[in-house]
Amino acid sequence: MNNTHNLHDKRLADAWATLQTHSDKGLPLDPDPSRLAFADPEFLLRRETRGLRMQLELMKPDIEMRAHGIENTVVVFGSARFRSEEESGALIAQAEAAGDAVAVARLRRLARGSHYYEQARAFGKMVAQYSNDKEPEDKLFICTGGGPGIMQAANRGSYEGGGLNIGLAIALPMEEEPNPYVTPALSFKFHYFAIRKMHFMMRAKALVAFPGGFGTLDELFEVITLVQTKKSKPVPIVLFGSDYWKQLLNFDFLVDEGVISPNDVKLFEYVDAPADAWKAIKAFYKL
């Protein structure tokens, strides 16, 4: 049953029209006891209603993903700063033309990671092409943080492979708009990191972590910890770029110090090619 016609109920429309008029006149949003509670931002943004806001952030993407048949996802993380080879070259040329030596040096460092962009793009395409002729319950969908860099690359590959894909963006002062390759109906924005993390894991059948910074590490260790503590079912956790990860993280040191067990390092594996990342997922589920 389609309930979307309820959005056009005159009472609801009038409630929002009142707020719009208020905004157009540049008036401050003062408390108004007569305003409908669900159409009252001043009320909804109070400290006391935080639980309601979190519930809504959990509910909205869940309803939309169910409506689009999204049951199984492959979550891809990685640096938002890597660009495609073409874009990296253009940015370097622009900085050189401007005589900005600092920017040139920074962009040249980042350009070393451009091949990861292309590999994430290729991986996203593989997942989409595998899923195109599968039954809904067997399809896998690329899911990213919706931003630029590796996230854009994976969404782009899925888009080029003819698949739907998901972007779970976060409202941050420096965050760019969702990348243009996310399926529009599956492009979500969150205020709460915790709810966003839940949506990453609720349907995740695999995690592929490309080289990245704090955000990538945060998400990676979140998943490893959930699987290690059995709060989440085991899923393939793939670290793409073995040289990067082995230089960045010394897991053997953690084993030697006794703070993790030898079996904990079996929770993930290293790969260096898109086909190997996809092979690891297929082997795990015997696809």
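These lines cover the structure that appears in this document, whether it is placed above or below. (Residues numbered from 1 in each chain as written. Predicted model: local features only at pLDDT ≥ 70, side-chain atom pairs only at ≥ 80, totals over all residues. Heavy atoms only, no water.)

1. Description of the side chain of glutamate 57
What counts here: What counts as a helix is a DSSP run of H or I of at least four residues, what counts as a strand is a run of E of at least two, and both are numbered from the N terminus. Burial status follows relative accessibility: with a 1.4 Å probe on protein chains alone, a residue under 20% of its type maximum counts as buried, one over 50% as exposed, and anything between as partly exposed. Positive charges come from Lys and Arg, negative ones from Asp and Glu, while His and the chain ends are left out of the count. The salt bridge definition used is simple: a Lys or Arg side-chain nitrogen within 4 Å of an Asp or Glu carboxyl oxygen. Polar contact is the term for a pair of N or O atoms within 3.5 Å; when the atoms are in protein, one must be able to donate a hydrogen and the other to accept it, and sequence-neighboring residues count only if both atoms are side-chain atoms. The contact definition used throughout considers only heavy atoms, calling two residues in contact when any of these lie within 4.5 Å.
Looking at the secondary structure, you find glutamate 57 in helix 3 (residues 50–67). Among buried charged residues, glutamate 57 stands out as having no salt bridge; its nearest opposite-charge side chain is arginine 53, 7.7 Å away. At 2.6 Å, the side chain of glutamate 57 and the backbone nitrogen of histidine 191 are in polar contact. Glutamate 57 has contacts with Lys189, Phe190, His191, Tyr192, Ile195 and His199, leaving out every residue within four places of it along the chain.

2. Describing the nonpolar core
Rules: Buried Ala, Val, Leu, Ile, Met, Phe, Trp, Tyr and Cys residues form a nonpolar core when they are joined through side-chain atoms within 4.5 Å.
Of all hydrophobic cores here, the largest spans 31 residues; its most connected members are Ile166, Leu220 and Ile237. Those elements giving two or more residues to this core turn out to be strand 1 (73–77), strand 2 (141–144), strand 3 (165–170), strand 4 (187–190), helix 8 (193–202), strand 5 (204–209), helix 9 (214–228) and strand 6 (237–240). Looking at this core, the element that brings in the most residues is helix 9, giving five residues. If near-sequence neighbours (up to four positions away) are discounted, isoleucine 166 is found in contact with Met65, Ile70, Thr73, Phe141, Ile142, Cys143, Thr144, Asn155, Val182, Leu186 and Phe188. Counting 24 residues, the second largest nonpolar core, distinct from the first, contains Val76, Val127, Ala280 and Ile281.

3. Considering the sheet that holds strand 7 (residues 268–271)
The condition that has to hold: Criterion used throughout: strands pair if DSSP finds at least two bridges between them. For helices, the fitted line uses only the C-alpha atoms of the stretch in contact; every axis is such a line through C-alpha atoms, and the angle between N-to-C directions lies from 0 to 180 degrees.
Across the sheet, seven strands lie side by side as 4-3-2-1-5-6-7; this open sheet has parallel pairing. Each edge of the open sheet carries a strand with a single partner, namely strand 4 and strand 7. On average, adjacent strands in this sheet sit at an angle of 25° to one another, irrespective of strand direction. Bridging between strand 3 and strand 4 involves four bridges; their strand directions are parallel. The residue bridging leucine 168 from the neighbouring strand is phenylalanine 188, located in strand 4.

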